[in-house]
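Coordinate analysis (summary)
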Amino acid sequence: MTSNHLKTYLLEPNANLKPLFYEIVKQCERKNIRYDKHLVTFVMNLVSLDPQFEIYMETLSADRRNHDDFVEECVQRLSEDRSPALVTLKMQLYFLENFFNRDEVVDKHMRNLQLKTAHLLKEITENDVITKDEQEEIFNKIIVDIVLHMGLGNPDNKDVIGETMKALNSVMSRSDKAKFVTLDRKDRLLALKDIREIVCGIRIFNKHAGNSTNGMSDLPRVLDQSHDSTKSILQITLCEIMDKVNLLTSALNSSIAYDLRNRTIVTLLPENISADDLDNLKDLLVMYRQHEVYTRKLIDELALIKFNIDTCNQEYNSKLIKIHESVQYRTAIPTDRVFPKFSELTRIWLQFQNYIYLLSEINQISNTLTNLTERCLSFDDLAYRLLGECQIHTDIDRLNKTKGKRLLMSVENACEVVTYTPGMKVELLKFCVWHLAEANGVLMPGNTDMGVCQHQKDFYAFNIPEAAVFFDEDPDIYIFKIVTLARKKIQLIAFLDIFYKVQTAYNSHSREVFRLKAPVTCEQEIQTELHPVPSNIDRQYRWNIWDLRREAIELTNLRMKRTSSSQTAKVKHTQVYLPKNQGTQTKVSRSTETEERRPRIKKPETAPSPLQVYSMTVEEFHSATVNRMK
């Protein structure tokens, strides 16, 4: 599984195990055991994969005895502060939490920088400016903001502030400054971003041209020195780790013998070495191998950063040459052509700063891992006693013993021998699966030059050719032995990247869980019923037992209460007010309250009414009188 899956399953606390988490913390405090809450959660999630406690990450056993055993087991592992097993778990937890994504590291530092300069930015973008003194104060703050955001030096240095002020004045005239302070907050932010990039580009160009060197670091040179220093530290650390690995591997190899007839490995211990001592050496080898894996990952990350630095250096020098050519024979800088080039130069400058942050993160992770391993108990004397008169061999020496040999099987049963190709993922970090299973956790590097065995979709490596023949007869038995070993040595789960296998085998006590048969398929058309099972949803169902307990407590409390109100009448029915018959004197309409349109009906012609006749007579009489008077 990937590191993201491990973070999801192993680093996040499980809500079902929260009561046991508090119990473990109490036990640690009672026994004066130093603990970290994240480490407690990590150990709990790994120990819960052991089925003997019947406590998996999604479930919780109802047996109190299992709870007590689980708590005791976790506390016991946390109490061994300097043991190789716990140191390995601390390394795994720290690396899973802190191994970085390059974009995340850059965003983290940008957020920290914005948080530190938030108050200054607020004063620049939100304060109203009226007088010339206030305008001058705003631009003094802008100069400090440019120095801080672009990494141009110490803002307390007068030379740094003076050089930045000269660059700003070459970019903005008095009218530009007066216009800037009249902008609203959003437009000020956009304008400030452009001002930062152009002013920073001018200062970088001035430094390259020899006009100014006050306060600015030579980031390309600083990056090269930091890279070389980090690379040297990682290589020295890796050499020290491999010295320990070679000693422990040689010592453990001298304590085992191959019984090829019975297809097993026999352990041979001197009189002054006990089985517990041998177990400690195995755990110590796992710790150093885990440190080796993480250190090699940091070295690979460093190589990728170096490639990006070299690419940025080429672009950086190219931009400087183009700007120099643009302004070499001109008395005035054409702003519409040169200012964008200054902004591009600034963006490369900011990338240099991001790579400095990344190198700092690599150094911090490497130092922390080294400090963790130095806290572990020393078993060098024990390793030399077990080694005896045998010589110390490196991984290359062991691989040379089987050089030119191939994995050959007379009859392939469950596996297929394939040629190893670069990029092929080999399970168990290319360690020999036979040695892990039969020697109870001895890490012996497999030789992929002999070929690898493909079982289902996984590839496995071996240290000797005979081991592949044994594995081919029944691969699942060896895989299950490793899973059983990882349940006891929980540091192997993340180290060998076998979380998925351990999780799959949780409900099984035999190797049958790994016997996955290929599905038989055929072409067939069927008609699926829409609802084959009728839905039955119980709204009163409670999946959480605490909900039922709270309801029971509430009902119990109600039984102990009594009503203090009075009854006005002795009735057997509920006292309610009956509805009252009411009516309205308004027009009832089922549509919009508008005037109703009625059809026009043409009336038949009839004789005039008496009133109309009287009116016409009076009018004629009045007309006749007027005419006579004339």
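Our structure's up above, just so we're on the same page.
Fair warning: this is a prediction, and the values are worked out from it, not measured in the lab.

Comments concerning the side chain of Thr448
- Mapped onto the fold, Thr448 is located in the loop between α17 (433-438) and β4 (452-455).
- When sequence neighbours within four positions are dropped, the list of residues in contact with Thr448 reads Tyr420, Lys430 and Ala461.

Here's the deal with unusual backbone geometry
- The backbone of Asn32 sits at a positive phi, close to 60 degrees, despite the residue not being glycine.
- Among the structural elements, Asn32 can be located in the loop between α2 (18-30) and α3 (37-47).
- Positive phi, normally seen in glycine, also occurs at Leu429, with a value near 55 degrees.
- On the secondary structure map, Leu429 appears in the loop between β3 (416-418) and α17.

A few points about the state of the cysteines
- According to the stated counting rule, one finds zero disulfides in the structure shown.
- Not part of a disulfide, Cys74 finds its nearest cysteine sulfur in Cys28, a span of 9.0 Å.
- Residue Cys74 is classed as buried on the basis of its relative accessible area, which comes to 1%.

Overview of the pairing of β4
- Inspection of the sheet shows β3 paired to β4 by three bridges, in the antiparallel sense. Opposite Val417, over in β4, you have Cys453 as the bridge partner.
- The pairing of β4 with strand β5 (residues 458-460) spans three bridges and is classified as antiparallel. Considered in β5, the bridge of Cys453 is made with Tyr460.

A word on helix α6 (residues 102-116)
- Given a rise of 1.5 Å per residue, 15 residues ought to cover 21 Å, and the 22 Å separating the end C-alpha atoms of α6 matches this to within 8%.
- Where α6 is concerned, the buried positions are Val105, Val106 and Leu113. Around the axis of α6, the buried residues are gathered within 95 degrees of arc, so they sit on the same side. Across α6 from its buried face, at more than 90 degrees, point the exposed residues Asp103, Glu104, Arg111 and Leu115.

The rules behind these values
- Residues numbered from 1 in each chain as written.
- Predicted model: local features only at pLDDT ≥ 70, side-chain atom pairs only at ≥ 80, totals over all residues.
- Heavy atoms only, no water.
- Helix = DSSP H or I, 4+ residues; strand = E, 2+ residues; numbered from the N terminus.
- Contact = heavy atoms within 4.5 Å.
- Disulfide = S-S within 2.5 Å.
- Buried < 20%, exposed > 50% of the residue type's maximum accessible area, 1.4 Å probe, protein only.
- Pairing = 2+ DSSP bridges.
- Expected span 1.5 Å × (residues − 1).
- Arc of directions from axis to C-beta.

From the geometry alone we can't say anything about function, so treat these as descriptive.
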